[in-house]
Amino acid sequence: MMKSTLSNQLFKRIFGLYLLAAIAVTLVQITLEYRHTKEEVSLEMQQVLKTFTPGIIDALWNYDKTLIGSILIGMHELPVIDGIQVFDHRGLLVHGIGVKLNSSGEITLETNDNNIQFTQINSKNTRLTHYSSNENRKDHIGEIIIYSSNRIVIERVKYGFILIIINSFIKTLALWFIFLYFINRLLTRPLTDFSNQLSQFNLDNLADKKLTIDAQDNELHSLQNHFNSMMDKIRHSSDELKGSHKKVELVNTELAQQKEQLELRVTQRTQALKHSMEELANSSKMASLSKLLTSMAHELNTPLGVAITANSYVKELVDNLSNSIKSENITKEDLNEFVHSCLESCLLSHENLQSLTTLINRFKQLDTNQSKTEFQSFSVIEYIQLCLHSYESDLMRRNITVTTQVTPELIITSDPGIFSKILLTLLNNALTHGFKDSNAGSIQIEAYVTNETFILVFQDDGAGIDKNIIDSIFDPFSGNMAGVGTGLGLNIMYNLVTFQLDGRASCDKTIKQGSKFTLRWPLIS
């Protein structure tokens, strides 16, 4: 429901502006009429002075107060005169009528109507000069002042004011009726009819409806034509849209069928892909296992072969000794040589069997499902010093200096055994590979905690790591790393950090000399 129609808004604005303009014009007319009447009264007062001044001069020259009073009474009867005063040459009041002095010395008009208060008193004065023709001189004998109030002006213009106001009211009222009629005839009714017809339009009856406005050849008539043309275009577009909608339904049906076929194909391809991935994973596991077994066989065969050879040699020595005893040809020298050879063979066999035991223990550490030990708090610097003490002789012999950047107050809650294995692995890796051809070098160990994460940085200035194998440095038997040692150290360390401590291990690829490992794992609160 509209609170205010367009015609009402238009009528209020236009008629309001006209009403303000009419009031302003009426006020201007009243003001001009008042000023014009006031000027006429002033001219009449001037004319009265010119008419009665000669008689007053003669009466005052003869100092005939009776005559002066008679003249003033006649002047006071005139409509424009409310009061008169005559003064002699000394400034003394000779006669006055219609005026008086109040208690404060101001001149007020005498009136019988106490309710009428005149806010303004106008006065005219002239000097009274007597001309003596015999003596040919002029004598100043006094002054006359006449008074007129705005009552006279108001009385003269009040009827004119009333006529002006009535005239303006009648014109305004007539214009109001005329404007209201034509606004209703030319705007309100056509727009109302237009609105009612629009409310009956919908997409179902566009073909049967036409907008018809009872209007002359104006903007509304043009609006009617444009609207009907727009309705024709909408009707045409609606027909096209219905046709397109049917096509879209057919396309959607085809797409639904294709979607079902596609989902079936995707399901089949997914099953095939899963099967292929399982086969690939099994192939990868078998390849890794084959590589591991091949490497294990290679590493185990060397010490095992030496031990078997040594044992065979001992057996040969025992057989020779047994034959010598049977033939009773044994000598003390033969017995000493037998003991010496047996000791060397047993020692060689023991050393290789010990290496084989160490190698098997390292293979056991490849298991990523080892049970975790109890965590405890320990001083990082103390365990670093304990690990360095294990390699103290090797470090001094090869002239390698170790620098630590660890605060003595750094205490963490973790597995000290795993921490020691990690650091010992890094030290052994540096001595075995980084400084294998060097007689001097340096190692830097840095440890700190940030955001509840322990970070260990191990860096050396040794030979560094070949770029061809740096991406697989943590794999077992990585490249030529197994050429010296077992090739399992960094893999064991990686498994400890990743699976035992839930951390991460990385090797810096951008370092120019030596190698740099960064290990990080979360701390236990």
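The shown structure was predicted, so the numbers you read here are calculated from the model rather than taken from an experiment.

Cut-offs used in this document
- Residues numbered from 1 in each chain as written.
- Predicted model: local features only at pLDDT ≥ 70, side-chain atom pairs only at ≥ 80, totals over all residues.
- Heavy atoms only, no water.
- Core = buried A, V, L, I, M, F, W, Y, C linked by side-chain atoms within 4.5 Å.
- Buried < 20%, exposed > 50% of the residue type's maximum accessible area, 1.4 Å probe, protein only.
- Helix = DSSP H or I, 4+ residues; strand = E, 2+ residues; numbered from the N terminus.
- Contact = heavy atoms within 4.5 Å.
- pLDDT = per-residue confidence, 0-100.
- Expected span 1.5 Å × (residues − 1).
- Axes fitted to C-alpha atoms, helices over the stretch in contact; angles between N-to-C directions.
- Parallel < 35°, antiparallel > 145°, perpendicular 65-115°, else oblique.
- Left-handed = near helix turned anticlockwise from the far one by under 90°.
- Nonpolar A, V, L, I, M, F, W, Y, C, P; charged D, E, K, R; others polar.
- Phe/Tyr/Trp six-rings, centres within 6.5 Å; stacked < 30°, edge-to-face > 60°.

Right, let's get into the nonpolar core. Among the nonpolar cores identified, the biggest contains 42 residues, and Val380, Ile422, Phe454, Leu519 and Trp521 are the most heavily contacted of them. Elements that contribute at least two residues to this core include exactly helix H6 (380-390), helix H8 (416-434), strand S10 (441-450), strand S11 (453-460), helix H9 (489-500), strand S12 (504-507) and strand S13 (515-522). In this view, isoleucine 422 contacts Met493, Leu496, Val497, Leu501, Leu519 and Trp521; residues no more than four positions away in its chain are not counted. One finds Met45, Val80, Val94 and Leu128 within the second-largest nonpolar core, a separate group that totals 28 residues.

Before going further, it helps to spend a moment on the confidence of the model for the protein. Here the protein shows a mean pLDDT of 78. Residues at 70 or above account for 80%. S11 holds the highest mean pLDDT among the elements of the protein, 94, whereas helix H4 (residues 219-326) holds the lowest, 72. Scored below 50 in pLDDT, residues 114-118 makes three contacts in the model with residues more than four places away or belonging to other chains. Confidence drops under a pLDDT of 50 for residues 365-371, and excluding neighbours within four residues, the segment shows twelve contacts in the predicted structure.

This part is about unusual backbone geometry. Despite not being glycine, asparagine 399 has its phi angle at roughly 55°, a positive value. Looking at the secondary structure, you find asparagine 399 in the loop between helix H7 (392-397) and strand S8 (400-405). Asparagine 399 gets classed as partly exposed once you look at its relative accessible area, which sits at 47%. The phi angle at glutamate 452 is positive, at roughly 60°, despite the residue not being glycine. Mapped onto the fold, glutamate 452 is located in the loop between S10 and S11. Using a relative accessible area of 56% as the deciding quantity, one classes glutamate 452 as exposed.

On to H9, then. Taking 1.5 Å as the rise per residue, H9 with twelve residues should run 16 Å; its terminal C-alpha atoms sit 16 Å apart, in good agreement. The complete set of buried residues in H9 reads Leu490, Asn491, Ile492, Met493, Asn495, Leu496, Val497 and Gln500. Positive backbone phi, at 55°, marks aspartate 502, one or two positions downstream of H9.

A separate point is the packing of H6 against H8. Relative orientation of the contacting elements H6 and H8 amounts to 45°, with a least axis distance of 10 Å. One way to sum up the angle between H6 and H8 is to call them oblique. By crossing handedness, the relation of H6 to H8 is classed as right-handed. Between H6 and H8, the residues in contact are Val380, Tyr383, Ile384, Cys387, Leu388 and Ser390 and Pro416, Phe419, Ser420, Leu423, Leu424 and Leu427, respectively. Per-class residue counts for the contact of H6 with H8 are ten nonpolar, two polar and no charged.

With that out of the way, let us pick up the packing of aromatic side chains. Within this structure, the stated rule accounts for six aromatic pairs. Between phenylalanine 454 and tryptophan 521 the ring centres are 5.0 Å apart and the planes differ by 50°, which places this aromatic pair in the tilted class. Of this pair, phenylalanine 454 sits in strand S11 while tryptophan 521 sits in strand S13; the two residues are 67 residues apart in sequence, bridging distant segments of the chain. Residues phenylalanine 454 and tryptophan 521 agree in their burial class; the two are buried. With 6.3 Å between their ring centres and 65° between their planes, phenylalanine 474 and phenylalanine 517 make a pair best called edge-to-face. With phenylalanine 474 in the loop between S11 and H9 and phenylalanine 517 in strand S13, this pair connects stretches of sequence that are 43 residues apart.

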